[in-house]
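# Secondary and tertiary structure notes
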Amino acid sequence: MSHKRIPKRKAAIAVGGVVALGAAAILLPSANASQDGAPDDAAAAPRTLKAGDASDLATRLAGTLGDAYAGAWYDGEDKRLVVNVVRGEGDMALKVRSAGAEVREVDNSMAELQAGAGTLKSEATIPGTSWAVDPRTNKILVTADSTVTGDKWDRLESTVESLGSGMATLKKSEGTFRTFVSGGDAIFAGGARCSLGFNVTAGDGSPAFLTAGHCAAAGDAWSDQQGGEPIATVDQALFPGDGDFALVRYDDPATEAPSEVNVGGQTVPIVQAAEATVGQQVFRMGSTTGLADGQVLGLDATVNYPEGTVTGLIQTDVCAEPGDSGGSLFTQDGLAIGLTSGGSGDCTVGGETFFQPVTTALEAVGATLGDGGGAAAGDQADGQDAGAEQDGAGGDQGVQEQPDMGSDRHSGLTRTH
């Protein structure tokens, strides 16, 4: 195996097009509010937002609040962004309200939580463990799978306790953390099966797709049929380390690679890449289990697989099974969020799952979604109606119900000869 490893790259933070412009419209009223110093009740009321707009607003507020910012999460029921502000930072809390988000005062700063995660990395990097900041509890969520027992459990538990009261929560998972590669159906190499994530355009304009980096360990040449002729070749891959992603180029430069996800008999157009937000509803498509949905639970997760440690992942409660690796994580309105990496459990008992952020993968490999169209990783829907449906109602497009899983579950790629 001779795939190229990618050096550490800074994660893409920008969320482009519709989301960015939508958030700008959200922030504008605060600039015009009460120039005489009087409070503006309309500006202070939490706004109803779509998840994509909430993600962009959270990114903007994180930059504005500095050390006072302690994370944010999306309340899907009320369609509001909730922003954690360190207790005692009244001026910063006012800025959050003026921007249209709900404020919650908390005790743990983001710097303290990140320092706690650093202690876990140095003292408790044990295969079968993971941790991620959970803004809803203002703590670090630490998880140990069924293999963490005896001295390893004692070491993990004592490390968590050393962080101090109120800094972390430790839970036990019944499953085993593993990457979700298997033998079977979808995209194949060396007897292994994975799932195609998203079609993209490589930096030189050629058609390609993203999948999980650990899938590339099975071989360089990939087919869309078990035992079939190769159709694509691994160009770049990273696993383990600062991510789990691979760029695989189609061998035929005339391949048509639509920017969509086939969810079994119907497709969801993918309009742009976006950052995940805790609390956001997401859908996963994979070649083993088809369509599944759930919520984002944590960001910047560290997972200690048997093969090594992977950082910078998204933690969710969406189920997955072997063969789903590399599959797409997306939203109902067509935002590309992640690539399936691994986790524990299955789609019968549930479990924890982790995903590679798409924005980071695109940034690292120099690719854009779909046919390119001049769009960049954080700027892929520029020019669309940014202000549409800021009330969070969402359109009727996308995933409304799970389709029949007995239908064709392939990625929908088309080849021209």
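Scroll up to find the structure this text is about.
Everything in this summary refers to the structure shown in the same document.

## Description of unusual backbone geometry
A cis amide bond links Phe 239 with the next residue in sequence, Pro 240, at an omega value of -15°. As for its position among the elements, Pro 240 is in the loop between strand 13 (232-238) and strand 14 (245-250). Located in the positive-phi region is Asn 138, a residue other than glycine, with phi close to 60°. Positionally, Asn 138 belongs in the loop between strand 4 (129-134) and strand 5 (139-144). Non-glycine residue Asp 300 carries a positive phi angle of around 55°. With respect to the element layout, Asp 300 can be found in strand 19 (residues 290-305). Using a relative accessible area of 58% as the deciding quantity, one classes Asp 300 as exposed.

## Looking at the state of the cysteines
Evaluation of the coordinates by the stated rule reveals two disulfides. Each disulfide pairs two cysteine sulfurs, and for Cys 194 the partner residue is Cys 215, the sulfurs being separated by 1.9 Å. Here Cys 194 and Cys 215 share a disulfide; its torsion about the S-S bond, -95°, makes the bridge left-handed. With Cys 194 in strand 9 (residues 192-194) and Cys 215 in the loop between strand 11 (207-211) and strand 12 (221-222), this pair connects stretches of sequence that are 21 residues apart. When sorted by exposure, Cys 194 lands in the same class as Cys 215, which is buried. In this model Cys 319 forms its disulfide with Cys 347; the gap between the sulfur atoms is 2.0 Å. On the sign convention where negative is left-handed, the bridge of Cys 319 and Cys 347, at about 90° about the S-S bond, is right-handed. Pair noted here: Cys 319 is in the loop between strand 20 (308-316) and strand 21 (328-330) and Cys 347 is in the loop between strand 22 (335-343) and strand 23 (353-357), with a separation of 28 residues, a long-range link. Judged by its relative accessible area of 31%, Cys 347 falls in the partly exposed class.

## Describing the packing of helix 5 (residues 110-123) against helix 6 (residues 150-162)
Relative orientation of the contacting elements helix 5 and helix 6 amounts to 155°, with a least axis distance of 10 Å. One finds that helix 5 runs roughly antiparallel with respect to helix 6. By crossing handedness, the relation of helix 5 to helix 6 is classed as right-handed. Of the residues in helix 6, those touching helix 5 at Thr 119, Leu 120 and Glu 123 are Arg 155, Leu 156, Thr 159 and Val 160. Split into classes, the residues belonging to the contact of helix 5 with helix 6 amount to three nonpolar, two polar and two charged.

## Considerations on the nonpolar core
Core analysis: the biggest nonpolar cluster contains 26 residues, and Phe 198, Leu 210 and Phe 330 have the highest contact counts within it. Of all elements in the fold, only strand 10 (198-201), strand 11, strand 14, strand 18 (281-286), strand 22 and helix 7 (358-365) reach the threshold of two or more residues within this core. Ranked by the residues each element gives to this core, the list is headed by helix 7, at five residues. Listed in part, the 21 residues of the second largest apolar core include Ala 58, Tyr 74, Val 85 and Val 96.

## Section: the sheet that holds strand 3 (residues 102-106)
Pairing is mixed in the open sheet, where three strands are placed in the order 1-2-3. Among the strands making up the open sheet, the edge pair consists of strand 1 (69-75) and strand 3. With strand direction ignored, the average angle separating the axes of adjacent strands in the sheet is 25°. Strand direction decides the pairing type here: strand 2 (residues 80-86) and strand 3, joined by five bridges, are parallel. Looking across to strand 3, one finds that Val 86 is bridged to Val 106.

## Notes on helix 4 (residues 90-99)
When helix 4 is considered as a whole, its buried residues turn out to be Met 92, Ala 93, Val 96 and Ala 99. Taken around the axis of helix 4, the buried residues stretch over an arc of 125°, which confines them to a single face. For helix 4, the exposed residues lying more than 90 degrees away from the buried face are Asp 91 and Leu 94. A positive backbone phi angle near 105° is found at Gly 100, which sits one or two residues after helix 4.

## As for the pairing of strand 5
In terms of burial, strand 5 is largely enclosed, as five of its six residues are buried. Where strand 4 and strand 5 come together, six bridges link them in antiparallel fashion. Bridging from a neighbouring strand, Asp 134 pairs with Lys 139 of strand 5. Between strand 4 and the antiparallel strand that follows it, strand 5, lie four residues; Asn 138 among them carries a positive phi value of about 60°. Relative to strand 6 (residues 168-172), strand 5 runs parallel, the two being bridged by five bridges. Bridge assignment links Thr 143 to a residue of strand 6, and that residue is Lys 171. With respect to chirality, the unit in which strand 5 leads through helix 6 into the neighbouring parallel strand 6 is right-handed.

Rules used throughout
Starting afresh in each chain, residues are numbered from 1 along the sequence in its written order. Local features in this predicted model are restricted to residues of pLDDT 70 or higher, and side-chain atom pairs are both shown and tallied only at a pLDDT of 80 or more, whereas totals for entire chains, interfaces and linings draw on every residue. Side-chain measures were taken over the full set of non-hydrogen atoms in the model, leaving aside hydrogen atoms and water. Numbering of helices and strands runs from the N terminus, with a helix taken as a DSSP run of H or I at least four residues long and a strand as a DSSP run of E at least two residues long. Per-residue accessibility, obtained with a 1.4 Å probe over protein chains only, is compared with the maximum for each type, and a residue is labelled buried under 20%, exposed over 50%, and partly exposed between these values. A pair of sulfur atoms, both from cysteines and within 2.5 Å, is called a disulfide here. Axes here refer to lines fitted to C-alpha atoms; in helices the fit is confined to the stretch in contact. Angles between the N-to-C directions go from 0 to 180 degrees. Under this scheme an angle from 65 to 115 degrees is roughly perpendicular, one under 35 degrees roughly parallel, and one over 145 degrees roughly antiparallel; angles in between are oblique. The handedness criterion is simple: a crossing whose near helix is rotated anticlockwise from the far helix by less than a right angle is left-handed, and one whose near helix is rotated clockwise is right-handed. Should any heavy atoms of two residues lie within 4.5 Å, those residues are considered in contact. Under the scheme applied here, ten amino acids are nonpolar (Ala, Val, Leu, Ile, Met, Phe, Trp, Tyr, Cys and Pro), four are charged (Asp, Glu, Lys and Arg), and all others, including Gly, are polar. Nonpolar cores are built from buried Ala, Val, Leu, Ile, Met, Phe, Trp, Tyr and Cys residues. Side-chain atoms within 4.5 Å join them into one set. In this scheme, strands are said to pair when DSSP sees at least two bridges between them. To be clear, the arc concerns the directions from the helix axis to the C-beta atoms. By convention, a crossover is right-handed whenever its connection, traced from the first strand over the helix to the second and viewed with the strands pointing away, goes clockwise.

Interpretation note: all reported values are geometric properties and have no functional meaning in isolation.
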